[in-house]
Amino acid sequence: VRDWELDDSSLLMTFFFVFLGSSSGSKLKVPELSINGTQHVVQAGQTLNLTCRGEMVHSWSLPETLSKDSKRLKVIKYACGRNGKQSCSSLTLSRTQASDTGNYSCKYPTSAAKKKKESTVYVFINDTGNPFVEMNSDIPKIIHMTVGREMIIPCRVTAPNIAVTLKKIPGEALIPDGKTIIWDSTKGFRIPKATYRFIGLLSCETTIAGHKYSTKYLTHRETNTIFDVQLSTPRLVKLLKGDSLAINCTVTAAWNTRVQMTWTYPGQTKKRGSITQRIDQKNTEANIFYSILVVDKVRDIDKGQYACHVKSGPSIKSVNTTVLVYDKMFINLKRRRKTVLEAVAGRKSYRLSMKVKAFPSPEVIWLKDGLPAAEKCARYMVKDYSLIIKDVAEEDAGNYTIILSIRQWNLSKNLTVTLKVNVKPQIYENAVSSFPDPNLYSLGSKQVLTCTVYGVPQPKITWMWYPCKQNHSKTRHGFCSYTEGSFNVKAGSHIGNRIQSITERTAIIEGKNKTASTLVVAEAKSSGIYSCVASNKVGKAERNVSFIVTDVPSGFHINLEKMPIEGENLVLSCSANKFLYKDIAWILPRTVNNQTKARRAINKEYSITLTLTIKNVSLAHSGTYVCRARNIYTGKEVLQKKDVTIRGVSYHLDFLLLLLPFRP
């Protein structure tokens, strides 16, 4: 089947004799050209005739400068060989010119699995007036180079025997040596490994019939450094149908970097967008490249992802944005959670937010209890559609309303939520007194303990009892080491001490609804710690009352049985509460001699007593007697003093005479 009409009968006869006569019956693995050798020379203006024969249909590949649509070109396909089982084609190029110089190839169809099968001949179109295939006399052609890689200076010639000289302007000759510089008439000057030596303006020169010809090239050392890629739009762009979309992609790159900027976008196949590009080289440190994509009167087809892709050699970067297209303006407003929200007082910040979907972005106003929130308190800050409360306090509880409005369209929506601020339990007595010392309670006395509590929600109050034994090292609660653990205290219980009652009373104190819990101890008998525990959903507080029962006045006391007379015995007793004091000792006046006899400490249920006995005292035993003990809680020494005056015998006799009846 012929695709082209045959208008030259003599040409057909030539084809017939060439291919029919050469047929040997063997199959052709690659197509066969009618011209032997790898090069062929045709004089400019003459006709180039090439024929190709193969076992299957084949195609022609031409120089880039020659269009397949050229009117000077004709290709005819037909059956050939014995029995017409082979495929032949003829290529005719009339009125040849210098720019037709290049490779002409005949090839079989290829697949990924098969090697490329073709036959090629390089055809020179000899034109003495145009020795170079491409002439760049006034404006040099840019040649991109990378140091260390191959670079071609493509000053191809129109005849294989033309002598060409390579120069670096202003005048340095670059002589081919077969290694660093290689001349190839079909390619130009080939430089296997380019160096900085070849950076600059180069000229390929030749002389034909006394006339000098030159074509110029400017080498440019490329880098591939892309500093930054940014879009002029946010990550999400919202538009109304009919609006225009303009996205500017800005690339900052190194000075010697050139970039390729491309776009992908939803309406690309229908060419919905127009793209303009420019470069700004005013920056002394970098090149700035711009690519602007504009879509007029957006429609539904235009919604989706818009991506700017930047490539420079192996360096690739991209940025994107998403475009939404709406039919009309709207406001959708929903709660994120429940109608009633909860926060905890003392929290660093709390965000009140709603689910908002609106176009265009509406005006946002937050109200607290009907008043503008941001004006009511400096701790309130509106951010986007949220209200942020800094340093949450109890007074932040209330009703919060968000109002969204698009005034130009008279569109408005609002929604209200209630915020409850929970407060961790607080015990008033802990704040007003730190209770530095344990409390002493007289044995058998009735005592009243009070715990005043506040919190939101209202805390639950429980009383705990921690019995203790004597312990000379402080524990978590001060003085007690626990042998039986803790016990829940209830009215009427007899654990530790008999509890007469536990009552609670609620009242408004200092503007807050506080609860006072009163525990009444009917009779103080056991030492330990009463702990008031207040707890709610957000925490708990604890107040510990050291309940030290004592049978010693003030917990530390010296007792003198009687003031002795000279010759009698002096007896002094030093008693100390054993849960508060240790290391009891007597400090005696210097006049006391070895007549002193101090008994060992007697350990009682509530106290320790150390008795000092001095027999047959004299007037010299008068003085200040000191009892020393160490406070277990503070670690300090405490002293109790007793002044003793020994009365003489004469004084005692005079006193007795005064008691006798008077006789005249």
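Everything numeric here is computed off the predicted structure, so don't read it as measured data.

A. Up close: the nonpolar core. Leu245, Cys249 and Val251 are the most contacted members of the largest nonpolar core, which has 24 residues in total. Elements that contribute at least two residues to this core include exactly β17 (226-231), β18 (236-240), β19 (245-253), β20 (260-264), β22 (287-295), β23 (304-312) and β24 (315-326). In this structure Val251 touches Ile226, Asp228, Val229, Val259, Met261, Asn287, Ile288, Phe289 and Val310, once residues within four positions along its chain are discounted. Formed by 23 residues, the second largest nonpolar core is a distinct cluster that contains Leu341, Leu352, Leu387 and Leu415.

B. Spotlight on the pattern of salt bridges. One pass over the full model with this rule turns up 21 salt bridges. As a salt-bridge pair, Lys212 and Glu205 come within 3.5 Å of each other at their nearest N and O atoms. Judged by its relative accessible area of 53%, Lys212 is exposed. With a relative accessible area of 14%, Glu205 lands in the buried category. Arg630 is paired through a salt bridge with Glu637; the nearest N and O atoms lie 3.2 Å apart. Accessibility expressed as a relative area gives 28% for Arg630, which makes it partly exposed. Overlapping salt bridges, with partners in common, bring together Lys167, Glu205 and Lys212 in one network.

C. Highlighting the sheet that holds strand β45 (residues 581-587). Read across the sheet, three strands follow the order β45-β49-β50 without closing on themselves; strand pairing throughout is antiparallel. Pairing within the sheet leaves two strands with one partner each, and these edge strands are β45 and β50 (637-644). The mean inter-strand angle of the sheet, taken between neighbouring strand axes irrespective of direction, is 20°. Strand direction decides the pairing type here: β45 and strand β49 (residues 623-631), joined by five bridges, are antiparallel. In the sheet register, Lys582 faces β49, and the bridge partner there is Arg630.

Rules behind the numbers
For every chain, the first residue of its written sequence is number 1, and the numbers climb from 1 along that sequence. In keeping with the model being predicted, local features are shown solely for residues with a pLDDT of at least 70 and side-chain atom pairs are shown and tallied solely at 80 or more, while totals for entire chains, interfaces and linings include all residues. Only hydrogens and water are removed before side-chain values are computed, so all heavy atoms of the structure are retained for them. Note on terminology: a nonpolar core comprises buried Ala, Val, Leu, Ile, Met, Phe, Trp, Tyr and Cys residues joined through side-chain atoms within 4.5 Å. Burial here depends on accessible area, computed with a 1.4 Å probe over protein chains only, as a share of the maximum for the residue type. Under 20% is buried, over 50% is exposed, and the range in between is partly exposed. Going along the chain from the N terminus, every DSSP run of H or I of four or more residues is numbered as a helix, and every run of E of two or more is numbered as a strand. The contact criterion used is simple: two residues touch if any of their non-hydrogen atoms lie within 4.5 Å. Basic side-chain nitrogens of Lys or Arg form a salt bridge, by our definition, when they fall within 4 Å of a carboxyl oxygen of Asp or Glu. The pairing criterion is simple: DSSP has to find at least two bridges between the two strands. For helices, the axis comes from a line fit to the C-alpha atoms of the stretch in contact; other axes are also lines fit to C-alpha atoms, and the angle between any two N-to-C directions lies between 0 and 180 degrees.

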